[in-house]
Amino acid sequence: MSARTILRLSGPDTRDFLQGLVTNDVSKLDDNVLVYAAMLTPQGKYLADFFLAPDGADVLLDVDADLAEGLMKRLSMYRLRADVQIEVTDLQVRRGTGPAPEGAFADPRHPDMGWRLYGAEGGDDGSDWDALRIAHCIPESGVELTPDSYILEAGFEALNGVDFRKGCYVGQEVTARMKHKTELRKGLQIVEIEGSAPVGTDITAGDKAAGTLFTQSGGKAIAYLRYDRARDKDLQAGEARLSWSE
């Protein structure tokens, strides 16, 4: 598991503050569940994805450690006069796919992704997380999710990471337009793979650029593809051969 940083947001304005910034409905925390969400640029591009967990009146924010500093700066920039305090905690995340321990939260992206528990100890139960992510086309921070990503192309709707009824948030206009007014022509897709190639290898269909190869495990991979060039085509990524997986 990549290193995670757990932030604590506290203060009477915390949930209203987050509601105006993130892609999902923060009021779901009232049901004592984990909420998967992202923060976007005003142009609708990815900045960071994270989990929000209720902790009494506070909210814990579980984010990739490499994104934590930048996310804190962005949150502080938007804070203005809101009565919200943001601090780094010593908490760690433990996760697994077997029976959930007391106090754990179900991963909202897919039932097969198991549970997450916040406390003094980190780690996991040794599950093959790459295989699980590939099976359900779940992107990871810093791999499939980059500053060039749009969350709908990254599958956030299927992963319960965006809510189209919650109202405005940063980047909402672009995201809503992609949902309602256009048909996605690019996006993450599971592919069959023979061989292997480094993450980030360009994918070609004949002599045409068709996408980028990402995480690979057990003969399958996640790829970012141009649908018109990739569907029902023989694809190549370095020495690896790919084919569309329905």
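It should be noted that the structure appears before, not after, this text.
Read on for a plain summary of the structure. What you are looking at is a predicted structure, and each value in this text was computed from that prediction instead of being measured.

Criteria and cut-off values
- Residues numbered from 1 in each chain as written.
- Predicted model: local features only at pLDDT ≥ 70, side-chain atom pairs only at ≥ 80, totals over all residues.
- Heavy atoms only, no water.
- Helix = DSSP H or I, 4+ residues; strand = E, 2+ residues; numbered from the N terminus.
- Buried < 20%, exposed > 50% of the residue type's maximum accessible area, 1.4 Å probe, protein only.
- Contact = heavy atoms within 4.5 Å.
- Core = buried A, V, L, I, M, F, W, Y, C linked by side-chain atoms within 4.5 Å.
- Pairing = 2+ DSSP bridges.
- Phe/Tyr/Trp six-rings, centres within 6.5 Å; stacked < 30°, edge-to-face > 60°.
- Lys NZ or Arg CZ within 6 Å of the ring centre and 35° of its normal.
- Axes fitted to C-alpha atoms, helices over the stretch in contact; angles between N-to-C directions.

### As for the environment of isoleucine 138
And step 1. Take isoleucine 138: it is sitting in the loop between α3 (129-135) and α4 (172-180).
And step 2. The exposure class of isoleucine 138 is buried, given its relative accessible area of 0%.
And step 3. Sequence spacing of isoleucine 138 and glycine 155 is 17 residues, and the spatial spacing of their C-alpha atoms is 7.5 Å.
And step 4. The residues touching isoleucine 138, leaving out its near neighbours within four places in the chain, are Arg109, His110, Met113, Arg133, Glu144, Leu159 and Ile222.

### Here we look at unusual backbone geometry
And step 1. Of note in the backbone geometry, asparagine 32 takes a positive phi value of approximately 60° without being a glycine.
And step 2. Its location among the elements puts asparagine 32 in the loop between α1 (14-19) and β2 (35-40).

### Considering α4
And step 1. Among all positions in α4, only Val174, Thr175, Ala176 and Met178 are buried.
And step 2. Buried-residue contacts for α4 involve β2.

### Brief notes about the nonpolar core
And step 1. By size, the foremost hydrophobic cluster in this structure holds 32 residues, and its most contacted members are Tyr118, Ile151 and Phe156.
And step 2. Beyond its immediate sequence surroundings of up to four residues, tyrosine 118 is in contact with Ile6, Leu34, Phe51, Ala53, Leu60, Asp62, Gln92, Val93 and Phe105.
And step 3. Counting 23 residues, the second largest nonpolar core, distinct from the first, contains Leu18, Leu52, Leu71 and Val170.

### Considering the sheet that holds strand β8 (residues 115-119)
And step 1. Strand order across the open sheet formed by four strands is β7-β8-β6-β9, with mixed pairing between neighbours. In this open sheet, the two strands that pair with only one neighbour each are β7 (105-106) and β9 (123-124).
And step 2. Taken together, the two bridges between β7 and β8 define a ladder with antiparallel strand orientation. Paired with phenylalanine 105 across the bridge in β8 is arginine 116.

### Comments concerning the packing of aromatic side chains
And step 1. For the coordinates displayed, the defined rule picks out four aromatic pairs.
And step 2. Relative to tyrosine 118, the ring of phenylalanine 105 lies with its centre 6.4 Å away and its plane at 50°, an arrangement referred to as tilted. Pair noted here: phenylalanine 105 is in strand β7 and tyrosine 118 is in strand β8, with a separation of 13 residues, a long-range link. The pair formed by phenylalanine 105 and tyrosine 118 is uniform in burial state, with each residue classed as buried.
And step 3. Here the aromatic cluster, defined as three or more aromatic residues joined through ring pairs, consists of Tyr36, Phe51 and Phe156.
And step 4. Positioned over the ring face of tyrosine 36 is arginine 109, at 5.6 Å from the centre of the ring.
And step 5. Just above the ring of phenylalanine 164 sits the side chain of lysine 179; from NZ or CZ to the centre is 5.3 Å.

### Focus: the sheet that holds strand β4 (residues 58-64)
And step 1. Strands sit in the order β2-β3-β4-β1-β5 across an open sheet of five strands; the sheet is antiparallel. Here the strands that pair on one side only, and so sit at the sheet edges, are β2 and β5 (85-88). The mean inter-strand angle of the sheet, taken between neighbouring strand axes irrespective of direction, is 30°.
And step 2. Where strand β3 (residues 46-55) meets β4, six bridges bridge the pair, whose relative direction is antiparallel. Across the sheet, the residue bridging to phenylalanine 50 is valine 63, located in β4.
And step 3. Sitting on the sheet, helix α2 (residues 65-79) is in contact with β1 (4-10), β2, β3, β4 and β5, with an inclination near 135° to β4.

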